[in-house]
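The lines below spell out each chain.
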Amino acid sequence: MNHNRLSSRMAEGLNSQITREAHASQIYLSYASWADAQGYKGIANFLFRHAQEERNHMMKFLEYILERGAEVKIEPIPGPGDNPKNVNNCFEKVFEQEVGNTESIYKLVRLSFDEQDWATWNFLQWFVKEQVEEETLALDLLDKIKIAGGPDAKNDALYTLDRDLEKMPDEAKLAQDATTDNP
Ligand code: OFO
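Within each chain, residue numbers correspond to sequence positions counted from 1 in written order. With pLDDT at 70 or above as the cut-off, local features in this predicted model cover only qualifying residues; side-chain atom pairs require 80 or more to be listed or tallied, and sums for whole chains, interfaces and linings still use all residues. By convention in this description, side-chain values take in all heavy atoms of the structure and omit both hydrogens and water.

> An account of the packing of helix α4 (residues 118-148) against helix α5 (residues 155-167) is requested, with residue identities and associated values reported.
Two elements in contact, α4 and α5, have axes whose closest approach is 9 Å; the angle formed by their N-to-C orientations is 155°. The orientation of α4 with respect to α5, classified from their angle, is roughly antiparallel. Seen from above, α4 lies across α5 with right-handed handedness. For the pair formed by α4 and α5, the contact residues are Leu 141, Lys 144, Ile 145 and Ala 148 on the first element and Ala 157, Leu 158, Leu 161 and Leu 165 on the second. Split into classes, the residues belonging to the contact of α4 with α5 amount to seven nonpolar, no polar and one charged. Axis lines are fitted to C-alpha atoms, over the contacting stretch for helices. Their N-to-C directions set the angle, which ranges from 0 to 180 degrees. Working definition: helices are DSSP H or I runs of at least four residues, strands are E runs of at least two. Numbering for both runs from the N terminus. By the definition adopted for this analysis, an angle is roughly parallel if under 35 degrees, roughly antiparallel if over 145, roughly perpendicular if from 65 to 115, and oblique otherwise. Here a crossing is called left-handed whenever its near helix is offset anticlockwise from the far helix by less than a right angle, and right-handed whenever the offset is clockwise. When checking whether two residues touch, look at their non-hydrogen atoms; a contact exists if any pair is within 4.5 Å. Only Asp, Glu, Lys and Arg are considered charged in this grouping, and only Ala, Val, Leu, Ile, Met, Phe, Trp, Tyr, Cys and Pro are considered nonpolar; every other residue, Gly among them, is considered polar.

As structure tokens, this is what we get:
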């Protein structure tokens, strides 16, 4: 009996997502290294932590493919692209990256729906929620840099932002967790 529970299209899509998550991790690693070299240790710390989170996402896809009896294919990871031009640009690029990844997850959700592959649909729901969280986190960063002056942020504002980011939690609070006591 064939033990592979994924269609070839689905296995291909999930394998591409392994590379995509690894790519996201490389992007965070490169931005973190850039930030550190500019003296922004707090921003670098935040981005290094996030690089690790993306590797964890990669691992979840890899384990899921194995669990469903399909073949894992490890592909080359594309380069991270250019360094950010400044902190504002860095956070813009982080947001762009996350939106791109959300779109990629949505394509997989749609495929699982079309194929009525409910196990994969269910597996992917964790990522749908995670992407809301990651986009929220990236938007929070953009809000903070906007308050600090956006592309024209001065050194003292960047100093405070950098210090705050070192302690910023890795998870954003989501709307579904809000209550009237704790909006
Ligand atoms: Fe893997 O969530 Fe960000 O990209």
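> Requested: an account of the packing of aromatic side chains, with residues and values cited.
Side-chain rings of Phe, Tyr and Trp (the six-membered ring for Trp) are treated as a pair once their centres are within 6.5 Å; stacked means planes under 30 degrees apart, edge-to-face means over 60, and tilted covers the remaining angles. Going through the model one piece at a time under the given rule, you end up with six aromatic pairs. Here Phe 113 and Trp 118 contribute two aromatic rings whose centre-to-centre distance is 5.7 Å and whose plane-to-plane angle is 80°, an arrangement assigned as edge-to-face. With centroids separated by 4.9 Å and ring planes inclined at 80°, the aromatic side chains of Trp 126 and Phe 127 adopt a geometry described as edge-to-face. Residue Trp 126 is classed as partly exposed on the basis of its relative accessible area, which comes to 40%. Grouped by ring-pair contacts, the aromatic residues Phe 61, Tyr 64, Phe 123, Trp 126 and Phe 127 constitute a single cluster. In this arrangement the basic side chain of Lys 60 is found over the ring face of Trp 126, its NZ or CZ atom lying 4.7 Å from the centre. Accessible area is worked out with a 1.4 Å probe on protein chains only. A residue is then buried under 20% of its type maximum, exposed over 50%, and partly exposed in between. A ring is scored as having a charge over it whenever the NZ atom of a lysine or the CZ atom of an arginine sits within 6 Å of its centre and within 35 degrees of its normal.

> Account for a nonpolar patch on the surface, with residues named and values stated.
What makes a patch is a set of residues exposed beyond 30% relative accessible area and free of salt bridges, joined within 9 Å when like-charged and within 5 Å when nonpolar (Val, Leu, Ile, Met, Phe, Trp, Tyr). Here the Shrake-Rupley method, with its probe set to 1.4 Å, supplies the accessible areas, and only the displayed protein chains count as covering residues. Every case where a carboxyl oxygen of Asp or Glu lies within 4 Å of a side-chain nitrogen of Lys or Arg is listed as a salt bridge. Judged by side-chain polarity, Phe 113, Trp 118 and Trp 121 come together as a nonpolar surface patch covering roughly 330 Å² of accessible area. By the secondary structure assignment, Trp 121 is in helix α4. Residue classification places Trp 121 among the partly exposed residues on the basis of a relative accessible area of 32%.

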